[in-house]
Amino acid sequence: MFQPMELAEGRLIPATASGGNVLVYINPDENERRHLVESFKIDEHTLASALDPDELARLEFEPDHVAIIYKRPRNYSSAEEFVFRVNSTGLFLFADKLVIVVSDDLPLFQGKAFTKITSLQDLVLRKIYSSIFHFIEHLRVINAVSETLEDQINASMQNKYLLNLFSLEKSLVYYLNAINSNAKLIERLKHSALKIGFTAENLEFIEDMLIENSQCYEQAEIYSNILASMMDARASIVGNNLNWLMKTLTIITIAIMLPTFVVSMFSMNVPFPGQHHPWMFWIILGMAGASVGIVRLVWHWKKW
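A brief report on the enclosed structure follows.

Criteria and cut-off values
- Residues numbered from 1 in each chain as written.
- Predicted model: local features only at pLDDT ≥ 70, side-chain atom pairs only at ≥ 80, totals over all residues.
- Heavy atoms only, no water.
- Salt bridge = Lys/Arg side-chain N within 4 Å of Asp/Glu carboxyl O.
- Helix = DSSP H or I, 4+ residues; strand = E, 2+ residues; numbered from the N terminus.
- Buried < 20%, exposed > 50% of the residue type's maximum accessible area, 1.4 Å probe, protein only.
- Core = buried A, V, L, I, M, F, W, Y, C linked by side-chain atoms within 4.5 Å.
- Contact = heavy atoms within 4.5 Å.
- Phe/Tyr/Trp six-rings, centres within 6.5 Å; stacked < 30°, edge-to-face > 60°.
- Lys NZ or Arg CZ within 6 Å of the ring centre and 35° of its normal.
- Lys, Arg positive; Asp, Glu negative; His and termini not counted.
- Polar contact = N/O pair within 3.5 Å; in protein donor to acceptor, adjacent residues only side chain to side chain.

What follows covers the pattern of salt bridges. Pairs can form between side chains of opposite charge whenever their charged atoms are close. All told, the structure shown has six salt bridges when counted by the stated rule. One salt bridge connects Asp 96 with Lys 97, and the closest N-O pair in it is separated by 3.3 Å. Note that Lys 190 and Glu 207 form a salt bridge whose closest N and O atoms lie 2.7 Å from each other. Placement of Lys 190 in helix H4 (residues 159–191) and of Glu 207 in helix H6 (residues 200–265) is noted, with a sequence separation of 17 residues between them. Residue Glu 207 is classed as partly exposed on the basis of its relative accessible area of 33%.

Written out as structure tokens, the structure is:
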């Protein structure tokens, strides 16, 4: 899908199909890809990298444009089952236009970061910065979800909560790799500032981006270490809950088995002492009740 935009007066507005200096291609089809390759001379491999979620962030210089691939978190859906994944986005900066290639439809220019944009180079930096902000937001969600799962694990014996926690840990590995890849890209942008045409203000913004990305990486690393270090303990909690349930069920089974044995013994079709005693029915019930009391006393004595 093609969405032309125009950078005017510091903000982005929709433009006509034939105009606009910010051209957005959302999950381009075969015809749109062919148009990007033939009309804008974008390398086919680089274009495919912009749509490949496993591609690392990088910066490449072509004869008439600069190709930037950066990582961003993918929108989460319930079908993912607690797995947060990442996607790639391609920015192709020309002298008079910016081509943006994304693999999924999502809000591209929302938020405070996309106000008072001074140039296409500034827009490039703000797009990369917005991905850092999205990573931080997703990390907060992952932390909140992990705390909820911890409470459920402590109170339940089901493995699904533990498996969900494993999925979150795997997601943090994806995020750490993507954030680290973005850090190398930002460093490369800083060293290539003159070649790309960044201003002094852009360089200051890049320094801020490096700090924000570093803090984001540290936060993701802390969450990942906590989940990894506590995983064995949580697995032990599930096992302990199961052992406690099995012990309780065993005691209940014994408590039921003893009075059943007493009643069954006197129900056999053979003569037994006192079978004609008028109170024998109540005596049998008393013996059955006493057996339950004995089990209860032993339970209390053993502190089961």
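This paragraph deals with the nonpolar core. Among the nonpolar cores identified, the biggest contains 56 residues, and Val 22, Ile 68, Phe 109, Ile 128 and Leu 189 are the most heavily contacted of them. With 12 residues, helix H3 (residues 120–155) is the largest single contributor of residues to this core. Apart from the residues within four sequence positions on either side, Ile 68 is in contact with Arg 58, Leu 59, Thr 89, Gly 90, Leu 91, Val 124, Ile 128, Leu 185 and Leu 189. In this structure, Ile 42, Leu 47, Ile 69 and Val 101 belong to the second largest nonpolar core, which totals 14 residues.

So, about the packing of aromatic side chains. Enumeration according to the criterion identifies four aromatic pairs in this entry. Measuring from ring centre to ring centre gives 5.7 Å for Phe 40 and Phe 94, while their planes differ by 55°; the resulting arrangement is tilted. Residue Phe 40 is found in helix H1 (residues 30–40), and its partner Phe 94 is found in the loop between strand S6 (86–93) and strand S7 (98–102); the two are separated by 54 residues along the sequence. Under the relative-accessibility criterion, Phe 40 is labelled buried at 11%. On the basis of an interplanar angle of 80° and a centroid distance of 5.1 Å, the ring pair of Phe 135 and Tyr 175 is categorised as edge-to-face. Separated by 40 residues along the polypeptide, Phe 135 in helix H3 and Tyr 175 in helix H4 bring together distant segments of the chain. Residue classification places Phe 135 among the buried positions, given a relative accessible area of 0%. In this arrangement the basic side chain of Lys 97 is found over the ring face of Phe 94, its NZ or CZ atom lying 5.9 Å from the centre. Here the guanidinium or amino end of Lys 127 rests over the ring plane of Phe 109, the centre of that ring lying 5.4 Å away.

Further remarks concern the side chain of Lys 71. Looking at the element boundaries, Lys 71 is found in strand S5 (residues 66–73). Of the side chains with opposite charge, Asp 54 comes closest to the buried, unpaired Lys 71, at an N-O distance of 6.4 Å. There is a polar contact of 2.7 Å between the side chain of Lys 71 and the backbone oxygen of Glu 55. Polar side-chain contacts of Lys 71 include one of 2.8 Å to the side chain of Ser 88.

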